[in-house]
Amino acid sequence: MEENPDWNESNVFEIMPESYKAHLTSFRPYLRGYNAILRLNITNKIEADDWLKDFSEKSLTSYRVDRTFPENTPKVLFKKEYRCLHNSKPGAPKIKGPHAKNNACRAKLTITIKQRGMKRSKDKYLKDFPCEVILRYIHNHPVDGKGGPKQKRPSKDVEDDVLELFSKGHSPTTAYESFRDNLKERYGAEFDKIAQDTTKCPTQQWFYSLYYNTYKRKHLEANDDGIHCQGDANNDKEDDDSMSSSTE
Ligand SMILES: [Zn+2]
């Protein structure tokens, strides 16, 4: 899995509501987003709902409940899994067009509030930060809000050149390489300087974004499943990890 240095921890905090404190306990960047695990000082369901509302507003992304879990169990006070609004349930009729909501975005988040009274827990955050948020922030559509890598928008000429590469059959990766090769040829020793300027030499992430959000939607809109998020959430952390490892 290729990692993208453009994403970093600060992208996570840019979209975190200020109403609650957050510790980032895990972060993994991918080309088109990242997986992050956070601990928050949220202690009940109402606060969790408030947080999700604030988070949606701040990140300009929206979520719907995807899965519910039993509440008030010995280990878990509250747990819910949410999916991006740009993802309808499997089997839902496909909506086509530029404003299609059903574009199978696989971004999701899981909120778990653990029971703070758990005995023998080795979870150091349990007492003050009982809420765990697993964030799979990999959207396959433009997210206009904060939380994206900082770069100036490439010029229209650059965009047209890259769209032409796509129409010649290039993938985002080969288009990126070919585009950079052309710049090297054109600018020679100046290339290193040009490469710093995202208006002339966009990031690879931008190539992906243009490919999936503009080119692919326009040209191959139909019924293929060609839109994939990079990387699977590989969060093997479960809500009761702190218990299972302790010995009796
Ligand atoms: Zn999404």
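Conventions adopted
Every residue gets a number counted from 1 within its own chain, in the order that chain's sequence is written. Since the coordinates come from a predicted model, pLDDT governs what is reported: local features require at least 70, and pairs of side-chain atoms require 80 or more to be given and counted, while whole-chain, interface and lining totals use all residues. By the criteria applied, helices consist of DSSP H or I runs no shorter than four residues and strands consist of E runs no shorter than two, each listed in order from the N terminus. Each residue gets a C-beta atom placed from its backbone, and two residues are in contact if those atoms lie within 7 Å. Within a predicted model, pLDDT stands for the predictor's per-residue confidence, ranging from 0 to 100. Two strands qualify as a pair provided DSSP detects at least 2 bridges between them. Here, axes are lines fitted to C-alpha atoms. For helices the fit covers the stretch in contact, and angles between N-to-C directions go from 0 to 180 degrees. Note on definitions: a nonpolar core is a set of buried residues drawn from Ala, Val, Leu, Ile, Met, Phe, Trp, Tyr and Cys, linked by C-beta atoms within 7 Å. Residues with at least 20 other C-beta atoms within 10 Å of their own are called buried, those with 12 or fewer are called exposed, and the rest are partly exposed. The C-beta atoms themselves are positioned from the backbone. Reported domain spans reflect what an automatic or database domain assignment gives. Expected span of a helix, by definition, is 1.5 Å for each gap between consecutive residues, and there is one gap fewer than residues. The directions considered for the arc are those from the helix axis to the C-beta atoms. These descriptions rest on fixed angle ranges, namely under 35 degrees for roughly parallel, over 145 for roughly antiparallel, 65 to 115 for roughly perpendicular, and the rest for oblique. By definition, any crossing whose near helix is turned counterclockwise from its far helix by less than a right angle is left-handed, and any crossing with a clockwise turn is right-handed. All residues other than Ala, Val, Leu, Ile, Met, Phe, Trp, Tyr, Cys, Pro, Asp, Glu, Lys and Arg, Gly among them, are scored as polar; the first ten of these are nonpolar and the last four charged.

A. How the structure looks around the overall build of the chain. Helix and strand content of the chain: seven helices and six strands. Residue pairs at least 24 apart in sequence account for 65% of intrachain contacts in the chain once pairs closer than 6 positions are excluded.

B. Focus on the confidence of the model for the chain. When pLDDT is averaged across the chain, the result is 80; 76% of the residues are at 70 or more. The low-confidence segment residues 146-150, where pLDDT is below 50, has twelve contacts with residues more than four positions distant or belonging to other chains. Low confidence marks residues 223-248, where pLDDT is under 50. Its contacts with residues over four positions away, or in another chain, come to 41 contacts.

C. Highlighting the sheet that holds strand β2 (residues 33-40). Judged by pairing direction, the sheet is antiparallel, and its six strands sit side by side in the order β1-β2-β6-β5-β4-β3 without closing on themselves. Two strands close off the open sheet at either side, each with one partner strand: β1 (22-30) and β3 (63-68). Across the sheet, the axes of successive neighbouring strands diverge by a mean angle of 15°, strand direction being ignored. Relative to strand β4 (residues 76-84), β3 is paired through five bridges, and the arrangement is antiparallel. The partner of V65 across the bridge, within β4, is Y82. On the sheet, helix α2 (residues 45-59) packs against β2, β3, β4, β5 (108-114) and β6 (131-138) and is oriented at approximately 155° with respect to β5.

D. Spatial organisation of the environment of V133. Relative to the helices and strands, V133 is located in strand β6. Along the primary structure V133 and R39 are separated by 94 residues, whereas in three dimensions their C-alpha atoms are 6.3 Å apart.

E. Just the nonpolar core, in detail. Judged by nonpolar contacts, the single largest core of 42 residues is most densely connected at L40, A48, C131 and F207. Among the elements that make up this core, the one with the highest residue count is helix α6 (residues 204-219) (seven residues). For this core, the domains that each give at least three residues are domain 1 (9-148) and domain 2 (156-219). Discounting residues that sit within four places of it in the chain, C131 has contacts with R39, L40, I42, A48, I111, T112 and I113.

F. Here's a closer look at α2. Over its 15 residues, α2 runs 21 Å from end to end, which matches the ideal 21 Å to within 8%, given 1.5 Å per residue. Listed in full, the buried residues belonging to α2 are A48, W51, L52, F55 and S59. Looking straight down α2, one finds its buried side chains confined to an arc of 100°; they lie on one side. The secondary structure elements touched by the buried residues of α2 are β2, β3, β4, β5 and β6. Backbone geometry just after α2 places L60 at a positive phi near 55°.

G. View of the packing of helix α3 (residues 156-167) against helix α4 (residues 172-187). The geometry of α3 relative to α4 is characterised by a closest axis approach of 10 Å and an angle of 130° between their N-to-C directions. Between α3 and α4, the angle is such that the two are oblique. The interaxial crossing formed by α3 with α4 has right-handed handedness. Mapping the contact onto sequence places D161, V162, L165 and F166 in α3 and A175, S178 and F179 in α4. Grouping the constituent residues of the contact of α3 with α4 by class yields five nonpolar, one polar and one charged.

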